[in-house]
Every structure is written in C-alpha cells, then in structure tokens.
Amino acid sequence: MRKQSLGKNNISISQSNLLLTWSTPVERLLSYIRVGIVHPKVFQGLRGHPKDPLFPIDLVFSDPRVAYFDIWCQLMIRAIIAIRTPYLLNDLLQLDDPLNSGLSGQLVAFEANLEGDVKYPDQWEIHPLTTTNLYLSGNGTTFTSTLNLKTHYIYSVTASASLSGGRSYGLLILRTIDSVKENGERIVKFSCSPLMIGCGGGALLNIP
C-alpha cells in the first residue's frame, strides 16, 4: 500500500496493491500474448461488432468463449493497474479541498452505486451513446459523476440492467473536479472517462 499526499489536503490517499493472483485461464491467455498472439483461437468463430471487429457480439452464456472473453477483459485491467496503481474513490471522500486536489488525469478504482437508463447492446445503432450516474457517499460527502458509455461495449442485457441500477466496480480516469456544493452534505461532481466496469461479485477489482 502506497501513500501520497495531495496538495493542500491534509490527508494521504492510498494507492492500493490490488489482488493479482493468477488463474489457469489467465496464464494460458498470457502465454498467447508473450508470443504475439493478441486474438487467440478461442475467440475465433465469434462475429465481431462492425465498429470493433475484436469485440464479439454473438455471445450466449452457454458458450464457453464468453468466460474467456470475460477473462480477456480482466487481462486489460491487469495491464492497466500494472503500469499505474489506482487511487481508491473511497479515499477521495476524505479530501479537505477536492477542487485543489491535483487529481486530474489520475487513475481511480471504484466500488460505487450506479443509476441510469443504459441501453441494451443491440440498440447501439439507435443509441450509440448511453449514460448512467455514479455516486458514492461517506464522511458527509458524496462523489458523483455521469458516465458516458458506448452502447456497443455493453457486455450483455444483464450488464445493461446492472449498469442502470446496482453496485458496480471498475476503473476510470478522473478528468476534472467540476463543482463542490455544501448543502448539509458536500456534493462533489467530477468528470471522468470510464475504462472498465464490472458487475459481478467479489471485492473491489478482486480478479479471479
């Protein structure tokens, strides 16, 4: 666990060393990467999305390739956090002066509530962009942001439902702290670029 002091704020924000134990499927996929195979045979036969040929859209839960595609997404998360350890959104609730935190451009891991109207993947042509609102409260503070998601990257109908209402976890790039309002509770609105969001069980970014 690393600590970093943020500007005028009188706290240290933790940069957590997330669980990075390997599993057999992950090791197998990593072996492909080591020899330059970025699209293993296990994904062949899946019809790609017209805007992203490597993103399969013919997924059904009875198909074992779904599990491998999920692991492939997890590998992307591993690559990101191996290069830059994220801050935790829970810790940002403690900031004394969010507007001067110096967090612009920082990688942030979150486990938070989502509420919105996320479109189903097959509606990507009509609704290419969909949104949901992220919010996390504690210590008399709420951090909130509107997440703009490309509909063709929504994993499934169940993922759409989870992103529309429920608790999820993932990674984002914090762009700017847009406003801080005090009204009995401090509301901190921020802009961000979501990188990956998961709706499964387990602890924050606990990758099996």
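Nothing here was measured: the structure is a model prediction, and the numbers come from that model.

**Topic: the overall build of the chain**
From N to C terminus, the chain includes four helices and 10 strands. Reading the secondary structure of the chain in the N-to-C direction produces β-β-α-β-β-α-β-α-β-β-β-α-β-β. Across the 208 residues of the chain, 40% fall into the buried class. Across the chain, contacts joining residues at least 24 apart in sequence account for 62% of those joining residues at least 6 apart. Counting every atom, the chain has about 11,100 Å² of accessible surface; 52% of that belongs to carbon and sulfur.

**Some remarks on the nonpolar core**
Of all hydrophobic cores here, the largest spans 25 residues; its most connected members are Leu89, Leu92, Leu134, Phe143, Leu172, Leu174 and Phe190. Contributions of two or more residues to this core are made by helix H3 (89–92), strand E6 (106–116), strand E7 (129–138), strand E8 (141–150), helix H4 (157–164), strand E9 (165–182) and strand E10 (186–198). Among residues more than four places away in sequence, those in contact with Leu172 are Gln106, Leu107, Val108, Phe110, Leu134, Phe190, Cys192, Ser193, Pro194 and Leu195. Val26, Leu29, Leu30 and Cys73 belong to the second-largest nonpolar core, a separate cluster that totals 10 residues.

**Topic: H4**
Residues Ala159, Ser160 and Leu163 constitute the buried set of H4. Along the axis of H4, the buried residues cluster in a sector spanning 105°; they form a single face. In this structure, the buried residues of H4 make contact with E6, E7, E8, E9 and E10. Looking one or two places after H4, you find Gly166, whose phi comes out positive at around 155°.

**What about the pattern of salt bridges?**
Counted by the stated rule, this structure contains one salt bridge. Between Lys119 and Asp117 there is a salt bridge, with the nearest N and O atoms lying 3.1 Å from each other. For Lys119, a relative accessible area of 21% puts it in the partly exposed group.

**Description of the pairing of E8**
Burial of E8 is extensive: seven of the 10 residues sit out of reach of the surface. Of the pairings in the sheet, the one linking E7 to E8 comprises 10 bridges and is antiparallel in character. Opposite Thr132, over in E8, you have Leu147 as the bridge partner. The hairpin formed by E7 and E8 contains two residues between the paired strands, and Asn139 there has a positive phi angle of roughly 55°. As judged from the four bridges shared by E8 and E10, these two strands associate in the parallel manner. From the neighbouring strand, Thr142 faces E10, where its bridge partner is Ile187.

**Details of the environment of Ala161**
Note on placement: Ala161 falls in helix H4. With a relative accessible area of 46%, Ala161 lands in the partly exposed category. Along the primary structure Ala161 and Gly116 are separated by 45 residues, whereas in three dimensions their C-alpha atoms are 9.3 Å apart.

**Quick notes on unusual backbone geometry**
At Asn139, a position not held by glycine, the phi torsion is positive, near 55°. With respect to the helices, strands and loops of the structure, Asn139 is situated in the loop between E7 and E8. By relative accessible area, Asn139 is classed as exposed at 62%.

**Details of the packing of aromatic side chains**
Under the criterion given, the structure shown has one aromatic pair. Both rings, one in Phe143 and one in Phe190, keep their centres 5.9 Å apart while their planes meet at 50°; by these two values the pair is tilted. Separated by 47 residues along the polypeptide, Phe143 in strand E8 and Phe190 in strand E10 bring together distant segments of the chain. The buried category is assigned to Phe143, whose relative accessible area is 0%.

Definitions and limits used
Residues numbered from 1 in each chain as written. Predicted model: local features only at pLDDT ≥ 70, side-chain atom pairs only at ≥ 80, totals over all residues. Heavy atoms only, no water. Helix = DSSP H or I, 4+ residues; strand = E, 2+ residues; numbered from the N terminus. Buried < 20%, exposed > 50% of the residue type's maximum accessible area, 1.4 Å probe, protein only. Contact = heavy atoms within 4.5 Å. Areas by Shrake-Rupley, 256 points an atom, 1.4 Å probe, with all protein chains shown as cover. Core = buried A, V, L, I, M, F, W, Y, C linked by side-chain atoms within 4.5 Å. Arc of directions from axis to C-beta. Salt bridge = Lys/Arg side-chain N within 4 Å of Asp/Glu carboxyl O. Pairing = 2+ DSSP bridges. Phe/Tyr/Trp six-rings, centres within 6.5 Å; stacked < 30°, edge-to-face > 60°.

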